[in-house]
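# Reading the structure
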Amino acid sequence: QVQLVESGGGLVQPAGSLRLSCAASGSIFDINNMGWYRQAPGKQRELVATISSGGSTNYADSVKGRFTMSRDNAKNTVDLQMNGLKPEDTAVYYCNAGRGYDLQRFWGQGTQVIVST
């Protein structure tokens, strides 16, 4: 099993910055793609960013140019640097990991991000 723990959420003002971190542990021998998702109240969970095992990233259009995802394979962590935060970024942010050999995906419990004056 894979365990994911997110941290770094909180309350921030519009245009502010926040850095989320996700630590993976457990059966992580073949974890490849990692992702950040978010879910706002009344909305479906949506993809924010992904990063491959080799470091290639993809971003949702809504966060492109503002968010940066990175990973440290040695530490088994992934980060999401969020700059220029907007109220519409308010959501619970979830870390996701994909395991290559069986295509299973794993989720963290989420960390709350609130962007408000």
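A brief look at the structure comes next. (Residues numbered from 1 in each chain as written. Predicted model: local features only at pLDDT ≥ 70, side-chain atom pairs only at ≥ 80, totals over all residues. Heavy atoms only, no water.)

### Re the pattern of salt bridges
Inspection of every chain in the model, using the stated rule, returns six salt bridges. The salt bridge partner of Arg19 is Asp79, with a shortest N-O separation of 3.0 Å. Of this pair, Arg19 sits in strand 3 (residues 18-26) while Asp79 sits in strand 8 (residues 77-82), placing them 60 residues apart in sequence. We classify Asp79 as buried; its relative accessible area is 15%. If you follow the salt bridges from partner to partner, you end up with Arg38, Glu46, Arg66 and Asp89 in one network. (Salt bridge = Lys/Arg side-chain N within 4 Å of Asp/Glu carboxyl O. Helix = DSSP H or I, 4+ residues; strand = E, 2+ residues; numbered from the N terminus. Buried < 20%, exposed > 50% of the residue type's maximum accessible area, 1.4 Å probe, protein only.)

### Some points on the packing of aromatic side chains
Using the criterion set out here, one finds two aromatic pairs in the structure. Ring centres of Phe29 and Tyr101 lie 5.3 Å apart, and the angle between their planes is 25°; on these two criteria the pair is classed as stacked. Highlighted residues: Phe29 in the loop between strand 3 and strand 4 (31-39) and Tyr101 in the loop between strand 9 (91-99) and strand 10 (105-107), separated in sequence by 72 residues. In this structure, Phe29 and Tyr101 share a single accessibility class: exposed. For the pair Tyr37 and Trp107, a centre-to-centre distance of 4.8 Å together with 65° between the ring planes defines the contact as edge-to-face. Linking Tyr37 in strand 4 with Trp107 in strand 10, this pair joins segments that are 70 residues apart in sequence. Sitting over the face of the ring of Tyr94, Arg45 holds its NZ or CZ atom 3.7 Å from the ring centroid. When the ring centre of Trp107 is taken as reference, the NZ or CZ atom of Arg45 above it lies at 4.6 Å. (Phe/Tyr/Trp six-rings, centres within 6.5 Å; stacked < 30°, edge-to-face > 60°. Lys NZ or Arg CZ within 6 Å of the ring centre and 35° of its normal.)

### Quick notes on the sheet that holds strand 1 (residues 2-7)
Strands sit in the order 1-3-8-7 across an open sheet of four strands; the sheet is antiparallel. Lying at the two open borders of the sheet, with one neighbouring strand each, are strand 1 and strand 7 (67-72). Averaged over all pairs of adjacent strands, the angle between their axes in this sheet comes to 15°, without regard to strand direction. When strand 1 meets strand 3, the two strands line up antiparallel, connected through six bridges. Pairing of Glu6 across the sheet is with Cys22, part of strand 3. (Pairing = 2+ DSSP bridges. Axes fitted to C-alpha atoms, helices over the stretch in contact; angles between N-to-C directions.)

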